[in-house]
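Single-letter residue listing:
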Amino acid sequence: MSDKWKKSEELIRLYQAVGKAALTYDIEDSHSGNIATRLKDEKGQDRMAITATGSQKGDLEPDQICLPAIDRADFGYYKASSETDIHAKILSLPGVSASMHGHNKELTIATLDDLDKPAQPESFVPIDPLGWRYLKGEVPVDWFAVPSGSPEMTEKIPARLKDHPVTSIQGHGAFAKGRNIQEAFFLLCIANNSGYIVNLCRKLKVDIEKLRKLIQENPAEYFSHPLPDYQVEGDQAADFADDEELAKEFRKAGARIFESRLSPFYTGSISLRGVRTMFYAPKAAMPRELGGPLLELLLSDDGKDRELAIHRAIYAESDFQTIMHCYIPEAEALSHFIAPGERGLPERMVPVDAEGSFLYLVIPILPPKFELGELIRLLHDYKVVIVRGGGVWAVGAQSVSEALHHPSSVREICLYRIGAFERGLDLSKMEPKKAKKW
Amino acid sequence: MTDISGFGYHGKILEIDLSSGRVANKELDPRMAADYLGGRGLASKLFFDSVDPQCDPLGPDNVMVIATSPLLGTNAPTACRGHLVFKSPLTGIIGSSNSGGSWAAVFKATGYDALVIKGKAKEPVVVEVRPDKVEIVPARELWGLNVPETTDRLSEGKPGRKILCIGPAGENRVRFAAVMNDKNRAYGRSGPGAVWGSKNLKAVVVSGKEKIAVQDQERYQSGLDQAQYLLRQAPITKRLLKELGTAGLIKLIAIIDMLPRKNFQDVTHSEEDLDRVSGEALRDKILDKAGACFRCPLACQRHTQVGGKKGEGPEYETMIMMGPQCGIYDLEAIAKANYLCNELGMDTMSLGGTIACAMELFEKGALNKDDTGGMELRFGNAAVLEKLAEMIAFRKGIGDQLAEGSLRMAKFYEQPELSMSVKGLEIPAYDPRSSFTQALGYMTSPTGACHLRGGYAVSLAFFGGAREIPRFSLQQAAVAVRNLQNLGILQDSLGICRFTGFAFSTDPWARMASGATGLDFSTKKLDQIANRIASLERIFNLAAGATAEDDTLPERFSKEPIIVGGKERVVSKETMERMRSDYYEARGWDGQGRPKGETIAALFGTKVPGTDRMK
């Protein structure tokens, strides 16, 4: 038996984990999409590992990961994805080691049009901070007569990905490139999340075109702090693995953030204050099977990472033990929502559901360029704060779970407000009177 | 500073010097109210400002402060509690005790926020406080009466009067004597009853109808609505406490291998044994009716009857400390001994812990029948409970030694390691080997091993809901305990019940307290207040002679493992040292547990008297 069909356990586990996570995040359906990486065989020859055609990404078997040659046909192609040619060309781009294709429903919905075909669709412009930063402000969208595995796609998609992290096929899905599989998956999730936010904003009658224009003119004004480059190194860091129970708490919370869509894959952050150090997950939304980096860092440090600096500043000015930062798409959309009868952008959100209105009379909304002191003051009073263009910050006095409870509730509260508005209900009547003056 | 009187506070402090008979009305400094809130905080500050930390706890120089909070007099749920602060005759450090019932609410209605008692009366006296008059009345005829007798005599024919008094145990200066109200509700821990006895103070009788107003009704109401909703939602506050009382916790605590047995020798109980002393057994066998403290929707009081006698309890702590801790699983015997303790005015936790220690001393041969007057002081001998309670209260025979508390007694019999106490205060009925936060809470509680002043850590370990934390995370323990202790300080300072913490934290209280007073009691401010109170208590203790060495657990917990979740668990010396050092750091204290200069500056602004005497 040739070694060509032998894959390392590590590779199999990684494919299975990403496949499951993609299904969980709903950027794949039962059989859709494919995952590909470039690797070298024992002879040093370039080869690729790609999922088999028709394989279920949520339940990948080891023999559903194929290892065809990257530059010619060999027997590996018989079983491999129908889009193997496209991936092979993407993997040949400089600096690219992985590519992934997903059925990103939200992005796909956001980029549909009813023009007569053939026609060139407009590019997708994200309006959220993650999309703007990591999709580099634009996702090209192309229409294909044969929109699955066609030679036209093999030409066009790798070309698009030369200059863009993600490209979209109208009515079908998207392709992303990455330095590793996690990065490609991350980009597909970000793209879908951006599509979802645009779709929500449309439902909420937000003037998206105006917003897009304003963002394109001056993006710094519309988003919170600059987001760091995506890091492909260090995902396995486990600085506090010896405190098994604490590490477990982080992993549980990370999985919940990801699975409950409180933040897209590997976004957001979680921290817990120790005494001299803090315990930190810089990629908070961590699928169970993949995990993510768990770091122990000094509580006081002048590092340049703005995200970390906010955690440290909150700890310096409070007794909170835990902090969580998530990019809840529903909260981002509602932060742009001007309710009927209101004039300006909202400064707070009032829950209209029964539990939300008792747990949180109001949830403050800060502008993108907020004062840190104001965020900390609001966290003392409300425990959770939405930042337009900057995610949702939450704190806990004791546990990671306590902090997690807030974004989880906020998402639910947002869904009820959006749902009520969609149904044409009068939100102002539904908001508790006492909250209006609070 | 704005005038605070009328909104949350009356703005008045009553000061009584029993030596001279002088009675003085003093203004409550609004800044003190803003900085120390009320209850425990206010009492600690008034105490700190008026006592010599080196004083003899049973001498005339000790000071007893009783304070209420700005929420008493409003309709805030559970806001009925008073707080006593004094130098403890059991521990030699700060004594801090809290009780529900109805006395504190009526004291507030006399028009005062706090009562400061100094000196020593020449003969037994009763202090009577009414809005228009304060009197120190000779009460020789009451000396010797037990708590119900005293209460009945003082309230007979005078409806509306509420009685706070001691029984014979306080008169005889049993070091863990309690001060009782509503006959059965105890300011129990640390021996306040002995301090009253040493001052010849038998009772404080209050009556009045003075009211306070709420400054910002809307703000207050928003907190109240939320609090009421959450209390009705959380399983423990809506159902468990109501239906089973605090003893309903027994099986829960046993399940997590935290329920101690035989002076903390292990946490192993048979199902049959537990069934005899559980909250369910209490309900099925001896419950007469449930009851509630003033303004409390939780209704955890258990009014019971055994052998034709009626009384209250036993509560969780009493049931375990006088039961399984002594190897006893006899509900009726425990209930009867508990009734007697309430009548005689004693802390059932310290009493149970001291008897358990004596039993172990007896079984190890350090005590014999000659010492006990022929009594077989063995684990499981339920027959000795009532007899010993009586002997302790009246300091008869071996009772005189037990009345000193377990540490002094064990030292007397040259086996101090058998006293399961921290700083001389007997450890409550949660085994510290089952949770690092529980262990650290006992180690660093300002009053010695108190589950409430040390942070109600068991709620973190098992039923804290979203706030539950890992039981054996070293990294998380220090800050979690500090924060939980701070929550307890605030609950004690707000005059509200610890059990509300099962439903919510400080947020609704912050709105209620701010709304009631018009002062800024935002959660950030409340955190600062809690830190200030914690450091003030620490400064007092250091000035009274406590050191970092005292912040530790008895050797048993580091050397003798128990089985928790199938694993052997101890709290090793290294773990204790690491947690203690982390905790000091989290509090802004130095390596010896002394508040650092910058901490003092941040919390107090100026130099605090007494810091120069910190050891």
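For every chain, the first residue of its written sequence is number 1, and the numbers climb from 1 along that sequence. Each chain gets a letter, beginning with A, and each ligand a number, beginning with 1, in the order they are written. Residues qualify for local features only when their pLDDT is at least 70, as the model is predicted, and side-chain atom pairs are given and counted only at 80 or more; totals for whole chains, interfaces and linings, by contrast, use all residues. For the side-chain quantities, the full set of heavy atoms in the structure was used; hydrogens and water were omitted.

**Q** Help me understand the state of the cysteines, please; the structure alone is not making it clear to me.
**A** Here, disulfide denotes a covalent bond that connects the sulfur atoms of two cysteines. Residues and elements named next belong to chain A. Cysteine sulfur atoms that come within 2.5 Å of each other are treated as a disulfide pair. Enumeration according to the criterion identifies zero disulfides over all chains in this entry. Cys 201 provides the cysteine sulfur closest to Cys 414, a residue in no disulfide bond, and the two sulfurs are 12 Å apart. Relative accessibility thresholds used throughout: buried, under 20% of the residue-type maximum; exposed, over 50%; partly exposed, between the two (1.4 Å probe, protein chains only). Under the relative-accessibility criterion, Cys 414 is labelled buried at 0%.

**Q** It is not clear to me how the nonpolar core should be interpreted in this structure. Could you clarify?
**A** A general trend in soluble globular proteins is that nonpolar side chains are found buried together. One finds Phe 185 and Phe 250 of chain A together with Leu 71, Val 204 and Met 346 of chain B to be the most contacted residues of the largest nonpolar core, which totals 300 residues. When residues of this core are assigned to their parent elements, the largest contribution, 14 residues, is made by helix 6 (residues 181-203) of chain A. Throughout, a contact is declared for two residues whenever any of their heavy atoms are within 4.5 Å. Residue contacts for Met 346 of chain B: discarding those within four places in its chain leaves Ala 169, Val 174, Phe 176, Ala 177, Ala 178, Cys 341, Leu 351, Ala 389, Ile 392 and Ala 393 of chain B. Side-chain atoms within 4.5 Å are what join buried Ala, Val, Leu, Ile, Met, Phe, Trp, Tyr and Cys residues into a set we call a nonpolar core. Core analysis: the next-biggest nonpolar cluster, separate from the first, contains 23 residues, Tyr 280, Tyr 315, Val 350 and Leu 375 of chain A among them. Think of it this way: any DSSP run of H or I at least four residues long counts as a helix, any run of E at least two long counts as a strand, and we number them from the N terminus.

**Q** In this structure, what is going on with the interface of chain B and chain A? I would like to understand it.
**A** Many structure descriptions define interface size as the accessible area lost when the parts assemble. On the side of chain A, 31 residues touch chain B, which itself brings 38 residues to the contact. When chain B packs against chain A, the two sides together hide about 3,100 Å² of surface, and 50% of this comes from carbon and sulfur. Throughout, the accessible surface (probe 1.4 Å) given up by two parts as they are put together, summed over both, is called the buried area. Of all residues in chain B, Tyr 229, Gln 475 and Lys 524 of chain B give up the largest surface area on contact with chain A, accounting jointly for 19% of the area buried on that side. A carboxyl oxygen of Asp or Glu within 4 Å of a side-chain nitrogen of Lys or Arg is what we treat as a salt bridge. On inspection of chain B and its partner chain A, the count reaches four salt bridges. Between Lys 383 of chain A and Asp 507 of chain B there is a salt bridge, with its nearest N and O atoms 3.2 Å apart. Polar contact criterion, stated in full: a pair of N or O atoms within 3.5 Å, where within protein one must be able to donate a hydrogen and the other to accept it, and residues adjacent in sequence count only if both atoms are side-chain atoms. The tally of links from chain B across to chain A stands at 18 residue pairs in polar contact (both at pLDDT 80 or more). At the level of elements, helix 7 (217-233), helix 21 (474-494), helix 22 (507-517), helix 23 (523-544) and helix 25 (573-587) of chain B are the ones that each hand at least two residues to the side of chain B that touches chain A. If one sorts the elements of the side of chain B that touches chain A by residue count, helix 21 of chain B sits on top with ten residues. Following the grouping adopted for this structure description, the nonpolar residues are Ala, Val, Leu, Ile, Met, Phe, Trp, Tyr, Cys and Pro, the charged ones are Asp, Glu, Lys and Arg, and the polar ones are all others, Gly among them. Across the side of chain B that touches chain A, the residue classes tally to 13 nonpolar, twelve polar and 13 charged.

**Q** Hey, could you run me through the sheet that holds strand 4 (residues 82-87) of chain B in this one?
**A** All names here are of chain B. What makes two strands pair is DSSP finding at least two bridges between them. If you walk across this open sheet you meet the six strands as 2-1-6-3-4-5, and the pairing is mixed. In the strand order of this sheet, the two ends are held by strand 2 (22-27) and strand 5 (94-99), each with one partner. The average angle at which neighbouring strand axes cross in this sheet is 15°, direction not considered. Inspection of the sheet shows strand 1 (residues 12-17) paired to strand 2 by six bridges, in the antiparallel sense. Across the sheet, residue Leu 14 finds its bridge partner in strand 2, namely Asn 25. Helix axes are fitted only over the stretch in contact, all axes being lines through C-alpha atoms; the angle between N-to-C directions runs from 0 to 180 degrees. In this fold helix 2 (residues 39-50) packs onto strand 1, strand 3 (64-67), strand 4, strand 5 and strand 6 (114-118), with an angle of close to 25° to the strand it touches most, strand 4. In the packing of helix 23 onto the sheet, the strands contacted are strand 4 and strand 5, and the crossing angle to strand 5 comes to about 140°.

**Q** What exactly am I supposed to notice about the packing of helix 19 (residues 436-444) of chain B against helix 21 of chain B here?
**A** Residue and element names in this part refer to chain B. One way to put it is that helix 19 packs onto helix 21 with a least axis distance of 9 Å and a crossing angle of 55°. Judged on the interaxial angle alone, helix 21 and helix 19 are oblique. Seen along the crossing, helix 19 lies across helix 21 with a hand that is right-handed. Residues Phe 436, Thr 437, Leu 440, Gly 441 and Thr 444 of helix 19 form the contact with helix 21, whose participating residues are Leu 474, Ala 477, Ala 478, Ala 480, Val 481 and Gln 485. Its residues assigned to classes, the contact of helix 19 with helix 21 comprises seven nonpolar, four polar and no charged. The cut-offs work like this: below 35 degrees is roughly parallel, past 145 is roughly antiparallel, 65 to 115 is roughly perpendicular, and the gaps in between are oblique. Helix crossings get a hand from a simple test, with the near helix turned counterclockwise from the far one by less than a right angle marking a left-handed crossing and a clockwise turn marking a right-handed one.

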